[in-house]
Amino acid sequence: MQIRNGEDLISLCREKKLPIHQLMLEYECFKSGKEPAAVYEEMRSHLLVMKKSVYQGLNEKLTLKGKIIGGEAKKLQRRSQNAKPVCGYTMSRAISFALSVTEVNAAMGRIVAAPTAGSCGVLPGVLFGLAETFELQEDRQVEGLFTAGAVGLVIAKNASLSGAAGGCQAEIGSASAMAAAAVVEIMNGSPEQALHAGAIAIKNLLGLVCDPVAGLVEVPCSKRNVVGTANALTAAEMALAGIESAIPFDEVVTAMYQVGCALPPTLRETSEGGLAVTPTGRRLKKEILG
Amino acid sequence: MKEYGVFDVIGPIMIGPSSSHTAGAARLGLTARKIAGEEIKEVVFYLHGSFAKTYSGHGTDKALVAGVLGLEPDDERIKNSFQLAQEKGLLYSFREKDLGEVHPNTVLIAMETASGQRWEVTGSSLGGGKVRIISINDLEVEFSGEYTTLITFHQDRPGIIADISAVLAKYKINVAFMRVFRLNRSANAVLIAETDEDISNAVLTEIEKNAYIYLAKVLRPF
Ligand code: SF4
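These figures come from a predicted structure and were not determined experimentally.

Next up on the list: the overall build of chain B. Across its full length, chain B holds 7 helices and 11 strands. A compact globule built from 222 residues would reach a C-alpha radius of gyration of about 17 Å, and chain B, at 17 Å, matches this within 12%. Expressed as lengths along the three principal axes of its C-alpha atoms, the size of chain B is roughly 50 × 40 × 35 Å. Buried residues in chain B amount to 43% of all 222 residues. Considering only intrachain contacts with a sequence separation of at least 6, the fraction spanning at least 24 residues in chain B is 67%.

Let's shift gears to the site of the ligand. Residue and element names in this part refer to chain A. Taken together, 14 residues sit near the ligand, with G118, G163, C168, C210 and C221 positioned nearest. When contributions to the shell around the ligand are tallied by element, the ones reaching two or more residues are α9 (168-186) and α11 (221-240). Ranked by the residues each element gives to the shell around the ligand, the list is headed by α9, at 3 residues.

This next bit is on the interface of chain A and chain B. Each partner contributes residues to the interface: chain A has 39 residues there, and chain B has 26 residues. Residue contributions to the side of chain A that touches chain B peak at 8 residues, all from helix α7 (residues 138-158) of chain A.

Here we take up the environment of V43(B). All names here are of chain B. Secondary-structure assignment places V43 in strand β2 (residues 40-48). Judged by the 26 C-beta atoms lying within 10 Å of it, V43 is buried. Remark: the alpha-carbon pair of V43 and A114, spanning 71 residues in sequence, is separated by 11 Å. Aside from chain neighbours lying at most four places away, what touches V43 is V68, L90, Y92, I109, A110 and M111.

Residues and elements named next belong to chain B. Looking at chain direction, strand β4 (residues 105-113) and strand β5 (residues 118-127) are connected through 7 bridges and run antiparallel. Bridged to L108 within β5 is T122. Between the end of β4 and the start of β5, which pair antiparallel, lie 4 residues, with G116 showing a positive phi angle near 90°. Bridge count between β5 and strand β6 (residues 130-136): 6 bridges; the pairing is antiparallel. Directly across from T122, in β6, lies its bridge partner S135. Linking β5 to β6, which pair antiparallel, is a turn of 2 residues; within it G128 sits at a positive phi near 65°.

Bringing the sheet that holds β4(B) into the picture now. All names here are of chain B. The strand order β3-β2-β4-β5-β6-β7 describes an open sheet built from 6 strands, whose pairing is mixed. Bordering the open sheet on either side are β3 (91-96) and β7 (139-143), each of which pairs with just one other strand. The sheet shows a mean angle of 20° between the axes of neighbouring strands, direction not considered. Where β2 lies against β4, 8 bridges are found, and the strand directions are antiparallel.

Per the domain assignment, the segments making up chain B are domain 1 (6-137) and domain 2 (148-219). Placing the centre of domain 1 of chain B and that of domain 2 of chain B at their C-alpha centroids yields a distance of 26 Å.

As a general rule, the predicted coordinates of low-pLDDT regions are not to be interpreted in detail. Residue-level pLDDT values for chain B average 93, and 98% of them are 70 or greater. When pLDDT is averaged over each element of chain B, helix α5 (residues 81-88) of chain B comes out on top at 98 and helix α3 (residues 49-54) of chain B at the bottom at 85.

Let us look at the environment of P221(B). Structurally, P221(B) is set in the segment after β11 (213-219). Since 11 C-beta atoms lie within 10 Å of it, P221(B) is described here as exposed.

Residues and elements named next belong to chain A. The end-to-end C-alpha separation of helix α5 (residues 89-106) is 26 Å, in line with the 26 Å expected for 18 residues at 1.5 Å each. Along α5, 15 of the 18 residues are buried, which leaves the element largely enclosed by surrounding structure. M108 sits one or two positions beyond α5 and adopts a positive phi of about 60°.

Within soluble globular proteins, side chains that are nonpolar generally end up buried alongside one another. Ranked by internal contacts, the top residues of the largest apolar core, which has 153 residues, are V126(A), A179(A), A180(A), A181(A), V183(A) and A197(A). Looking at this core element by element, the count peaks at 13 residues for α9(A). When residues are assigned to domains, this core turns out to be shared by domain 1 (6-137) and domain 2 (148-219) of chain B, each giving three or more. Setting aside residues no more than four positions away along its own chain, V126(A) makes contact with A94(A), A179(A), A182(A), V183(A), T229(A), A232(A) and L233(A).

The next thing to look at is unusual backbone geometry. The residue after V219(A), namely P220(A), is reached through a cis peptide bond having omega 5°. By the secondary structure assignment, P220(A) is in the loop between α10 (191-205) and α11. The step from G11(B) to P12(B) runs through a cis peptide bond, and the omega angle for that step is 5°. Take P12(B): it is sitting in the loop between α1 (6-9) and β1 (13-15). In this structure, A214(A) takes a positive phi of about 60° despite not being glycine. Here A214(A) lies in the loop between α10 and α11. Look at A214(A) and you get buried, because 22 C-beta atoms sit within 10 Å. A positive phi is found at K172(B), a non-glycine position, where the angle reads about 55°. Along the chain, the position of K172(B) falls in the loop between α6 (160-170) and β9 (175-182).

What counts, and at which threshold
- Residues numbered from 1 in each chain as written.
- Chains lettered and ligands numbered in written order.
- Predicted model: local features only at pLDDT ≥ 70, side-chain atom pairs only at ≥ 80, totals over all residues.
- Helix = DSSP H or I, 4+ residues; strand = E, 2+ residues; numbered from the N terminus.
- Rg over C-alpha atoms; globule rule 2.2 N^0.38 Å.
- Buried ≥ 20, exposed ≤ 12 C-beta atoms within 10 Å, placed from the backbone.
- Contact = placed C-beta atoms within 7 Å.
- Near = placed C-beta within 6 Å.
- Pairing = 2+ DSSP bridges.
- Axes fitted to C-alpha atoms, helices over the stretch in contact; angles between N-to-C directions.
- Domains from an automatic or database assignment.
- pLDDT = per-residue confidence, 0-100.
- Expected span 1.5 Å × (residues − 1).
- Core = buried A, V, L, I, M, F, W, Y, C linked by C-beta atoms within 7 Å.

If you want it as structure tokens, here you go:
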């Protein structure tokens with residue numbers, strides 16, 4: 001079994017009449033020599049870590065502080081309790097979850113890199129936001145992680161998942177594409193629709209630069225997880241409505257790779273450009289690192 | 001290079017905030033500790049490049065100390081590792097040092113163990129929580145710690161590698177990678193074998209029977 005790109009993924013799904021998540025489970029067993037039950041269980045343990053991190057930042061009794069960020073998730077939660085969220089309840093919950101996870105990360109808590117630590121909030125944000133509204137069973141969420149994993153794998157093989165190599169589009173953009181595809185399959189969309197959602201999600205974040213203030217995974221990273229989450233939900237909604245990406249998934253991934261290569265090093269995690277070198281960015285750096 | 005698996009993308013489970021500066025550092029600390037093989041009394045971390053510049057911001061320092069204390073990279077106690085070190089009586093310090101032409105996220109970990117042995121382990125954090133050990137004491141080596149890893153320190157003589165291979169073969173342990181490193185002719189050499197199967201202590205004892213092997217260790221993946 002070979003999964004080199006999105007096309008392989010789709011043709012294998014068609015041939016075996018399987019959704020992406022099931023194909024991915026088979027593929028992982030094939031590659032690792034492990035039993036399906038063991039692989040599934042390992043993925044479930046990842047989901048459980050996500051679950052804890054999603055609620056940790058919303059716990060009023062806990063204080064999560066990074067060097068710059070902290071407490072934002074709770075603000076969102078309080079607002080959604082006291083006012084009707086402008087972006088709807090599912091979205092409002094999903095983004096507070098996403099923020100929570102990034103705060104856990106910044107405060108040296110336990111998270112799942114998905115695909116990276118910088119973008120760790122998107123997938124759990126989306127999965128648990130959806131779970132609340134649709135009362136999803138845990139199984140469906142684990143399946144969503146396999147769908148997301150398949151998309152991430154294809155991106156890793158054909159572009160990059162690291163901000164240092166490809167800019168933030170590679171981290172938040174990839175996380176968003178992974179989450180979008182997961183939502184589509186959880187909502188019973190087809191593998192084709194899942195990849196359209198992934199393609200749309202990447203297109204909308206194409207070119208996003210990596211410019212962390214003081215080199216820390218906090219600003220702008222935390223709030224970019226929010227945009228990755230919202231973007232995943234909107235891309236999935238479009239794909240589920242039958243809207244297709246005009247540019248096919250594989251071509252979008254190639255474009256992301258090329259854009260990443262064209263980004264100057266100052267905008268690839270070196271903190272030598274973008275927000276990192278704004279007057280406030282520099283001041284924060286000085287305050288934190290001396 | 002391993003083919004990507006699903007858990008390279010959904011994972012690792014780690015302590016934040018940074019896979020290269022925190023998770024990788026924790027992994028390097030723990031690998032060093034496992035190489036030393038016993039409690040550490042005192043440790044000095046020589047930080048190079050990006051590690052030297054940003055170590056406190058990312059908790060690289062706490063992660064390194066946690067690793068040397070024996071904590072796994074996903075242990076939530078990492079953020080309190082300084083306090084833990086104090087409780088356990090581990091002395092630690094950090095120095096910036098130019099380690100030469102190495103990866104920007106590199107650290108030399110100089111340890112003194114409870115029984116008074118000295119170990120120097122140098123390793124780099126490559127991103128995504130992945131690491132590479134590049135030297136042990138004065139010997140240049142190269143391994144990731146993702147496999148079960150056999151390390152032997154031996155006198156560089158003909159037949160040693162064949163002997164070690166024979167023991168591994170006898171117990172049906174498949175070698176994924178094997179490399180030998182040495183300082184110069186007639187001096188100490190190190191053999192690193194990364195295997196698919198676990199190497200039990202019994203197998204290790206059998207390997208150590210060879211008179212020219214001073215020391216053999218197995219690092220198990222974590
Ligand atoms: S700005 Fe850079 S460090 Fe922050 S999330 Fe994006 S890619 Fe990661």
